[in-house]
Amino acid sequence: MPEPRRKAIMALYAFCREVDDAVDEISDPQVAASTLEWWRNEIINTFQNRPEHPVGLALAESLNDFDLHQEYFMEIIDGMAMDLHQQRYAEYKHLALYCHRVASVVGLLSAEIFGYQNRKTLKFAENLGMAFQLTNIIRDVREDAERGRIYLPLDEIAQFSLTEQDILSLKQTDELANLLKFQADRARQFYRQAMQLLPAEDRQSQQTALIMARIYETTLDEIEKDGFQVMQHRVSLTPLRKLWLAWTTARAEKRLSKQR
């Protein structure tokens, strides 16, 4: 990416990392909540051109080049704050709000940084964010359970003859594999919707998002090939595999642009 876009996406990533770590790395919930509140104030200060934190300074610089909305940053913080007081989701519609805040909104900000001509690209970004977060939830079932969190909807857990305790005790069962296959099918629906929504004229500007999509969906493929054995081990792609996926995706997009 050109330097201004690269700096902006790095600043956005750093912000997401900071607020995510505030919840995941701080053991005292009150301290974590206070940290998130500090970041709310820092975002206000950033948009008033008086940031204090290095990440705020980097974001402030990016605001001069890109139309990044303050409420999106606040919504990301709202999503992270949900982890402090909500560790179960009764139904998918409740989980969808969490996924929207912590992932789809990041997608919307990223789309602004990557650039677009057609506003349909924003729907592409929203759907891709949902697909990414659902993939993360499937991949991280064990890690989340070890923190006492379950991001699988409780009604769907029951539908597949499982209980919360089955998840928290890290049991690897056929029922769990079937439940995760159901979640994977939902994620794939969002991947398909995203690709259908991306206008041809914005494929080049959104190439980074397309590369990320290829990497995330390949990770989901590998989890499925492994039989959704997520309680046994965490599936991840090697850096070399990711590089290969990025290169082949970029080449394919270049060929496609020449055909248009």
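Residues numbered from 1 in each chain as written. Predicted model: local features only at pLDDT ≥ 70, side-chain atom pairs only at ≥ 80, totals over all residues. Heavy atoms only, no water.

**Some remarks on the overall build of the protein chain**
Here is step 1: Along its length, the protein chain carries 12 helices and 0 strands.
Here is step 2: Listed by position from the N terminus, the elements making up the protein chain come as α-α-α-α-α-α-α-α-α-α-α-α.
Here is step 3: Dimensions of the protein chain, computed from the C-alpha atoms along their principal axes, are close to 50 × 50 × 30 Å.
Here is step 4: Across the 260 residues of the protein chain, 48% fall into the buried class.
Here is step 5: For the protein chain, the share of sequence-separated contacts (at least 6 apart) that also reach a separation of at least 24 residues comes to 72%.
Here is step 6: On the protein chain, roughly 13000 Å² of surface is accessible, and the fraction owed to carbon and sulfur atoms is 50%. (Helix = DSSP H or I, 4+ residues; strand = E, 2+ residues; numbered from the N terminus. Buried < 20%, exposed > 50% of the residue type's maximum accessible area, 1.4 Å probe, protein only. Contact = heavy atoms within 4.5 Å. Areas by Shrake-Rupley, 256 points an atom, 1.4 Å probe, with all protein chains shown as cover.)

**Topic: empty space enclosed by the protein**
Here is step 1: Considering all chains together, one arrives at 1 cavity of 30 Å³ or more under this definition.
Here is step 2: In this structure, the largest cavity encloses a volume near 40 Å³.
Here is step 3: Ile137, Asp140, Val141, Asp144, Arg149, Ile150, Tyr151, Leu152 and Ile167 together form the lining of the largest cavity.
Here is step 4: Of the residues contributing to the lining of the largest cavity, the split by class is 6 nonpolar, no polar and 3 charged. (1 Å grid on protein atoms, 1.4 Å probe; cavity = no way out; pocket = protein on both sides within 12 Å on 5 of 7 lines; lining within 4 Å. Points joined across faces, edges and corners; volume = space filled by probe spheres on them. Nonpolar A, V, L, I, M, F, W, Y, C, P; charged D, E, K, R; others polar.)

**Quick look at the nonpolar core**
Here is step 1: Core analysis: the largest hydrophobic core is formed by 72 residues, its most contacted members being Phe15, Ile76, Leu95, Leu152 and Ile167.
Here is step 2: Of the residues forming this core, the biggest block, 12 residues, is contributed by helix H5 (residues 92-114).
Here is step 3: Once residues within four sequence positions are removed from consideration, Ile76 is found in contact with Phe15, Cys16, Val19, Arg101, Val105, Val106 and Leu109.
Here is step 4: In this structure, Ile211, Leu237, Leu245 and Ala246 belong to the second largest nonpolar core, which totals 5 residues. (Core = buried A, V, L, I, M, F, W, Y, C linked by side-chain atoms within 4.5 Å.)

**Comments concerning the environment of Glu224**
Here is step 1: Along the chain, Glu224 turns up in helix H11 (residues 207-225).
Here is step 2: Counting along the chain gives 84 residues from Glu224 to Asp140, while the straight-line C-alpha distance between them is 14 Å.
Here is step 3: Setting aside residues up to four positions removed in sequence, Glu224 forms contacts with Lys181 and Arg188.

**Things to note about the packing of helix H1 (residues 3-24) against helix H4 (residues 70-85)**
Here is step 1: It is the contact of H1 with H4, at a shortest axis distance of 9 Å, that shows an interaxial angle of 25 degrees. Relative to H4, H1 is oriented roughly parallel. In the crossing of H1 with H4, the sense of the turn from one axis to the other is right-handed. Note on element contacts: H4 touches H1 through Phe73, Ile76, Ile77, Met80, Asp83 and Leu84, opposite Leu12, Phe15, Cys16, Val19, Asp20 and Val23.
Here is step 2: Looking at side-chain class alone, the contact of H1 with H4 contains 10 nonpolar, no polar and 2 charged residues. (Axes fitted to C-alpha atoms, helices over the stretch in contact; angles between N-to-C directions. Parallel < 35°, antiparallel > 145°, perpendicular 65-115°, else oblique. Left-handed = near helix turned anticlockwise from the far one by under 90°.)

**Quick notes on the layout of surface pockets**
Here is step 1: When its volume is computed, the second largest pocket comes out at roughly 150 Å³.
Here is step 2: Forming the boundary of the second largest pocket are Val23, Asp24, Ile26, Ser27, Asp28, Pro29, Ala32, Asp83, Leu84, Gln87, Arg147 and Arg149.
Here is step 3: At the level of secondary structure, the elements contributing two or more residues to the lining of the second largest pocket comprise H1, helix H2 (29-47) and H4.
Here is step 4: Here the residues of the lining of the second largest pocket are counted per class, giving 5 nonpolar, 2 polar and 5 charged.

**Considering the environment of Ala11**
Here is step 1: Following the sequence through the fold, Ala11 ends up in helix H1.
Here is step 2: Taking relative accessible area as the criterion, Ala11 reaches 4% and is therefore assigned buried.
Here is step 3: Separated by 50 residues in sequence, Ala11 and Glu61 have C-alpha atoms that sit 9.3 Å apart.
Here is step 4: In this structure Ala11 touches Val55, Ala58, Leu59 and Ser62, once residues within four positions along its chain are discounted.

By themselves, these observations are geometric and do not establish any function.
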